[in-house]
Number of protein chains: 2
Amino acid sequence: MKTKLKRSHMCGVLNSSNIGEEVTLMGWVQKRRDLGGLIFADMRDRTGFVQIIFDKEVSMEAFNQANDIGAEYVIAVKGKVHKRQSVNPNIPTGEIEVFAEILDVLNTSDTPPIYIKDDDDVSENLRLKYRYLDLRKSTMQKNLILRHKTAGIVRNFLSEEGFIEVETPVLTKTTPEGARDYLVPSRVNPGKFYALPQSPQLFKQLLMVSGMDRYFQIVKCFRDEDLRADRQPEFTQIDCEMSFVDAEDVIDINQRLVHKVFKEVINVEIPLPIPRTTYKEAMERYGIDKPDIRFGFELFDVSDLVSSSSFKVFSGAVEAGGSVRGINVKGYGDQFSRKDITALEDYTKTYGAKGLAWIKVTAEGVISPIAKFFSEEEMQGILKRGDAAEGDLLLFVADKNSVVYDSLGHLRGEVAKRLNLVNKDEYKALWVTDFPLFEYDEEDDRYVAKHHPFTSPMDEDLELLETEPEKVRAKAYDLVINGYEVGGGSIRIYSSDVQQRMFKALGFSEEEAWDKFGFLLEAFKYGTPPHGGIAFGLDRLMMLLTKEENIRQVIAFPKTQNASCPMTNAPSVADEKQLKELSIEVSKS
Amino acid sequence: MKTKLKRSHMCGVLNSSNIGEEVTLMGWVQKRRDLGGLIFADMRDRTGFVQIIFDKEVSMEAFNQANDIGAEYVIAVKGKVHKRQSVNPNIPTGEIEVFAEILDVLNTSDTPPIYIKDDDDVSENLRLKYRYLDLRKSTMQKNLILRHKTAGIVRNFLSEEGFIEVETPVLTKTTPEGARDYLVPSRVNPGKFYALPQSPQLFKQLLMVSGMDRYFQIVKCFRDEDLRADRQPEFTQIDCEMSFVDAEDVIDINQRLVHKVFKEVINVEIPLPIPRTTYKEAMERYGIDKPDIRFGFELFDVSDLVSSSSFKVFSGAVEAGGSVRGINVKGYGDQFSRKDITALEDYTKTYGAKGLAWIKVTAEGVISPIAKFFSEEEMQGILKRGDAAEGDLLLFVADKNSVVYDSLGHLRGEVAKRLNLVNKDEYKALWVTDFPLFEYDEEDDRYVAKHHPFTSPMDEDLELLETEPEKVRAKAYDLVINGYEVGGGSIRIYSSDVQQRMFKALGFSEEEAWDKFGFLLEAFKYGTPPHGGIAFGLDRLMMLLTKEENIRQVIAFPKTQNASCPMTNAPSVADEKQLKELSIEVSKS
């Protein structure tokens, strides 16, 4: 280094207990200002800011050098801590200042292209291009430090519970988790490809076969899917698997883990046990399998009440096998004008609803464009079912069930958001259990696994696997916090026979099943213990812990929506020589 | 689970303090034998073995069921712990046995294709094909558990020292670390490719630019190189970087880390401070920059003594600018017959030596095929330089320096190995410093970076960068233990100007440098702190800690020499549809 000084303290930790001490600090100049013959500099490092004063009386040399420093210069300062003249109660070091005796400029800086402050509203693309500057912002540093802390707590908790962290391969084989794989051409095996793992699912199950008993890993996973606000091509999973357990055991240990994380990272108490709901109940009450239960507006079903009404939109939906359901925006009726309701209708249409019927209950009676279709008895029945009282607004969707659930499920959240009822400081967790094993893929006209093909059916439903697959429930459980699916897992199939029946139910021929998963089917023959596990999305968990709504706020070097990195310009064109060695060509098109 | 039993203990932890207790165990049948009307089963889990006895008198039902269990069946057993009749002092549970009251068979097993015991000598390929069975072996489980423990100690140590673990991207851009990249075609950006990182070098430096101050990561890295016993396509690095430091600071913290790891993982004391040697000294004394210093046989130089001798092989080598050096196999002369020496000569030839000259000092005088070429004075000089006494064997190579060093450097180890002088229980660590910044690449006729292009030259050598690059020393340091390079690092360049001069010295045009590393050169303009770091190879470290000689013994699911996985059959052929989506084709050839 260009200095003989040795750092004694970090900037942000100094306080009045250090007054009188000689300290040596290293960091960045946040800003410099000249005032009354003195030079002031806010000096910054990872821990925070401290005010440095350059005073001719203390050191003429340091004062003169300080004339040349500007924003983002890297400096080393030695000096004495003094009580500050004008205390700044807004920062931890606000009671002190350091009078510089020695200043060593370690590096200069051009004017940075983005401001180093949290409220800088520059475009995200520019932030990503200059990510190394963006990461100087205290919010970003805090987020990354919290992420580090969270991972540490998880690792220590699981280690104490007897879990062993085992690294599984990144260069591996395609596994059908429902998403597209990233492929890696093999040079040594021309024409062949590795796949990057969508999860270590099969490896962790094989570790159970190997008797590892309890496995975990904080691990990168990869999905080549189109990106959304909470998705990245590579994401990080907290991945666990346990042998000799039922669902209760997995739930028990993992809710204690989540409790510990929230308590130790942000001092929030998640009450234990975390409440549970079945998939069926979640759908009926919230229209969605990852409900946000911080607010009400639960769904109610009026299908039976309107099935023979003269309002064809309602009766027709019921007749066609669908339903009519509503939510009661209880007590907030006067906050929604007709225009607002039209906006909500437009919102539900993005989820496939054809319209949004509504009933307002006011002091003057019921106001509703659809009132005229209903008899007094029908209307009273609907109001009673919806627990309607003066001041309420009832909103209805009539359609096939999937659309009713989807549109009302999301409408709940939208209404709560507009009413500002979503409390970011509140965390409500929920286990959702008893998922269906399959869901029907209309596009492919076949059943697909709701979770993945290794999930165990419930013992009592096993006999329905071939005959009524839609009725088979899975030994699966998701952890939902504030409407995010934070984790999901299941007890696994551990018999080669049942696994083969499962593949058959999913439409695999025996040959296909053995071709793709022969090693698993084979492994299951040699003494496989009952086992199950869970995986948490660390990125999503961090979004909750940091209250960020953009996943890129909790990742050091994320990709943009088109899966590229504006800083490094990855991905980029490869040399012809490289491609030739890999025996591949870029398609002409 | 097919049992209502709840596990109370792991098998291997039971001992005489548990006598009289009722326990419930779950695990595998190692072997069953019937003896004197009783059935004995060795039951196994991750922690070890325990003897189970099925006795009709205790439970007729359990006894009858036990008749059907065989090797690798998965069972749950409830019973009482008894003092064992015939104590087995070889296993921790040898003083007790469990009399089974309940037996639940949780899963059956076919006869496994490999034996579950450490001394099974089946081919490695079969072991990898049935890795889930191979990992049942106690050595493999112990190795993976030690690896977990090691990573935990590293993480906790570094966290306490203020390092923040930050995840860097796996899908990134080509970086020239001297090895071939694995490429990943981008679907969203047709014709473009990500590269898997050979190391997070640039990202960790950018984290220093961002003020993260102290970074670490235990992280997978990738090199598409031909494999050797200690290499894998994906390997794990303990990666660190620190700001505001000199080499001394990095060395200090990391030798304390290594000390802690060896102490806590295998109770071995690595004396601190770890001794240091310069690159120059290492080459002159050991012929290699990663010397094994557990044994002697150091090199000595006789070039000056033989430069005018009549032995043309010697004098010619010196004349051509090379050297003549030897090692003294002190005291072991009588252990090497002429045939043995010929074998050693063949060994040195694999490192390019043209021959191996030798002198034996016996009670009857000097024996040597080359004695006749030397005057008495010359011979006495050589013997004196080699500190030769009765019983010694001197071995010489005459060639250009690189060949002399390489062949004698390896010969030292080979001789020590043949003499059984390599003590596996002894660990000798060494820092090697003052590396040359460049080495000359004869094939490409240009200088290449000895470590990587971001390594800082020594300040006093900076002016030689353009004029005498071969004389420039680097602020680089390697940690060598028992002849393995366990870690390597350096203080980095942190000025855009010096970095550009470095790229120029390496033969990059300004355009190339900016094209490939523009983001780094740009970043260096905005206040980059002095910084440096190190990376340890976790796999190699684990080989040392577990005393394994094959890297596959410390990795759960490794690849074979041709970078494939016999268990999953990765890599494999990809669907045409997948390739089409990725805009690539397999070359016809």
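Chain A appears in an unreviewed UniProt entry as Aspartate--tRNA ligase from Alkaliphilus serpentinus. Looking at chain A in UniProt, the text filed under Subcellular location (unreviewed entry) is "Cytoplasm". The UniProt entry for chain A carries the following comment under Function (unreviewed entry): "Catalyzes the attachment of L-aspartate to tRNA(Asp) in a two-step reaction: L-aspartate is first activated by ATP to form Asp-AMP and then transferred to the acceptor end of tRNA(Asp)."

(A) Main features of the overall build of chain A. Along the backbone of chain A there are 16 helices and 24 strands. Overall, the C-alpha framework of chain A stretches about 90 × 75 × 55 Å when taken along its three principal axes. In chain A, which comprises 589 residues, the proportion classed as buried is 59%. Counting contacts in chain A only where the partners sit at least 6 residues apart, residues at least 24 apart contribute 68% of the total. Carbon and sulfur atoms provide 48% of the accessible area of chain A, an area that totals close to 24,100 Å².

(B) Here's a closer look at the packing of helix H4 (residues 138-160) of chain A against helix H6 (residues 247-266) of chain A. Residues and elements named next belong to chain A. Contact pair H4 / H6: the axes reach a minimum separation of 10 Å and the direction vectors enclose 145°. Considering only the axes of H4 and H6, their crossing is right-handed. Between H4, through Leu146, Lys149, Thr150, Ile153, Val154, Phe157 and Leu158, and H6, the contact on the second element is made entirely by Ile253, Arg256, Leu257, Lys260, Val261, Glu264, Val265 and Ile266. Its residues assigned to classes, the contact of H4 with H6 comprises 10 nonpolar, one polar and four charged.

(C) Geometry of the UniProt feature "binding site: L-aspartate" (unreviewed entry) in chain A. Residues and elements named next belong to chain A. UniProt marks Glu177, Arg223, His451 and Arg492 with the feature "binding site: L-aspartate" (unreviewed entry), using the numbering shown here. Position of arginine 223 relative to the elements: it lies in the loop between strand E9 (214-222) and strand E10 (234-243). Setting aside chain neighbours within four positions, we find arginine 223 in contact with Ala179, Arg180, Tyr182, Gln198, Pro233, Phe235 and Gln237.

(D) Molecular detail of the pattern of salt bridges. All names here are of chain A. This model, assessed by the stated rule, comprises 96 salt bridges over all chains. Residue arginine 285 is joined to glutamate 281 by a salt bridge in which the shortest nitrogen-to-oxygen separation is 2.7 Å. With arginine 285 and glutamate 281 both in helix H7 (residues 279-286) and four residues apart, this pair spans about one turn of that helix. Assessed through its relative accessible area of 32%, arginine 285 is described here as partly exposed. Given the relative accessible area of 30%, glutamate 281 is considered partly exposed. With a shortest N-O distance of 4.0 Å, glutamate 426 and lysine 428 are connected by a salt bridge. Accessibility expressed as a relative area gives 26% for glutamate 426, which makes it partly exposed. If you follow the salt bridges from partner to partner, you end up with Arg127, Arg131, Asp134 and Lys137 in one network.

(E) A look at the pairing of strand E19 (residues 446-449) of chain A. Residues and elements named next belong to chain A. Two strands pair when backbone bridges link them, and strand E18 (residues 438-441) and E19 are joined in this way by four bridges, in the antiparallel orientation. Bridging across to E19, aspartate 441 finds its partner in arginine 446. The hairpin turn running from E18 into E19, its antiparallel successor, is four residues long, and aspartate 445 in that turn takes a positive phi close to 55°.

(F) Fine view of the sheet that holds strand E4 (residues 74-83) of chain B. Residue and element names in this part refer to chain B. Spatially, five strands are ordered E1-E2-E3-E5-E4 in a closed barrel, and the strand pairing comes out mixed. Across the sheet, the axes of successive neighbouring strands diverge by a mean angle of 55°, strand direction being ignored. Bridge count for strand E1 (residues 22-35) against E4 is seven bridges, and the pairing is antiparallel. If you follow glutamate 22 over to E4, its bridge partner there is lysine 80.

(G) Focus on the interface of chain B and chain A. Taken together, the contact between chain B and chain A spans 117 residues of the former and 117 residues of the latter. Carbon and sulfur atoms supply 58% of the area that chain B and chain A bury against each other, a total of about 10,500 Å² over both sides. Counting the surface chain B buries against chain A, the share from its top three residues, B:Met1, B:Phe244 and B:Tyr526, is 8%. Our enumeration of links across chain B and chain A arrives at 14 salt bridges. Of the charged contacts, one joins B:Arg147 and A:Glu167 as a salt bridge, the two residues approaching to 2.8 Å between their closest N and O atoms. Inspection of the chain B/chain A interface yields 65 residue pairs in polar contact (both at pLDDT 80 or more). Of all the elements, helix H4 (residues 138-160) of chain B adds the most residues to the side of chain B that touches chain A, at eight residues. Counted by class, the side of chain B that touches chain A contains 58 nonpolar, 29 polar and 30 charged residues. Relative to strand E8 (residues 192-195) of chain B, strand E23 (residues 572-573) of chain A runs antiparallel, the two being bridged by two bridges. Its bridge partner lying in E8(B), A:Val573 is registered against B:Lys192.

(H) Representation of the relation of the copies chain B and chain A. In the superposition of chain B on chain A (RMSD 0.1 Å, axial shift 0.0 Å), the rotation amounts to 180°. Viewed as a symmetry operation, the transformation between the two copies matches a two-fold axis.

(I) Fine view of the domain arrangement of chain A. We note that the domain assignment places domain 1 (11-107), domain 2 (140-277 + 429-576) and domain 3 (295-418) within chain A. For domain 1 of chain A and domain 3 of chain A, the distance between their C-alpha centroids amounts to 62 Å.

(J) Region of the structure containing the environment of B:Glu57. Residues and elements named next belong to chain B. Counting through the fold element by element, glutamate 57 comes out in the loop between strand E3 (48-54) and helix H1 (60-66). Using a relative accessible area of 74% as the deciding quantity, one classes glutamate 57 as exposed. Separated by 214 residues in sequence, glutamate 57 and proline 271 place their C-alpha atoms 59 Å apart.

Conventions and cut-offs
Residue numbers restart at each chain and count upward from 1, following the sequence in its written direction. Think of it this way: whatever chain is written first is A, whatever ligand is written first is 1, and the rest follow in order. Per-residue local features of the predicted model are confined to residues with pLDDT of at least 70, and side-chain atom pairs are confined, for both listing and counting, to 80 or more; whole-chain, interface and lining totals are unaffected and use all residues. The basis for every side-chain value is the complete set of heavy atoms in the structure, and neither hydrogens nor water enter the calculation. UniProt positions are given in the numbering used here, feature names are shortened, and annotations may be inferred rather than shown by experiment. Elements are defined by DSSP. Helices are runs of H or I of four residues or more, strands are runs of E of two residues or more, and each kind is numbered from the N terminus. Any residue under 20% of the maximum accessible area for its type is buried, any over 50% is exposed, and the rest in between are partly exposed; the area is computed with a 1.4 Å probe on protein chains only. In this description, contact between two residues means that some pair of their heavy atoms is separated by no more than 4.5 Å. Only the protein chains shown count as cover for residues, and all accessible areas are computed by the Shrake-Rupley method using a 1.4 Å probe. Axis lines are fitted through C-alpha atoms, for helices just across the contact stretch, and the angle between N-to-C directions can take any value from 0 to 180 degrees. Handedness of each helix crossing follows the sense of rotation of the near helix against the far helix: counterclockwise by less than a right angle gives left-handed, clockwise gives right-handed. For this classification, Asp, Glu, Lys and Arg are treated as charged, while Ala, Val, Leu, Ile, Met, Phe, Trp, Tyr, Cys and Pro are nonpolar and the rest, including Gly, are polar. Should a side-chain nitrogen of Lys or Arg be within 4 Å of a carboxyl oxygen of Asp or Glu, the pair is scored as a salt bridge. Only when DSSP finds a minimum of two bridges between them are two strands counted as paired. Buried area: the accessible surface (1.4 Å probe) lost by two parts on joining, summed over both. Whenever a nitrogen or oxygen atom comes within 3.5 Å of another N or O atom, the pair is scored as a polar contact, on the condition that within protein one atom can donate a hydrogen and the other can accept it, and that pairs from neighbouring residues in sequence are kept only if both atoms are in side chains. When the copies are superposed, the least-squares fit takes in the C-alpha atoms of residues with a pLDDT of at least 70 in both. Throughout, the edges of the domains are those of an automatic or database domain assignment.

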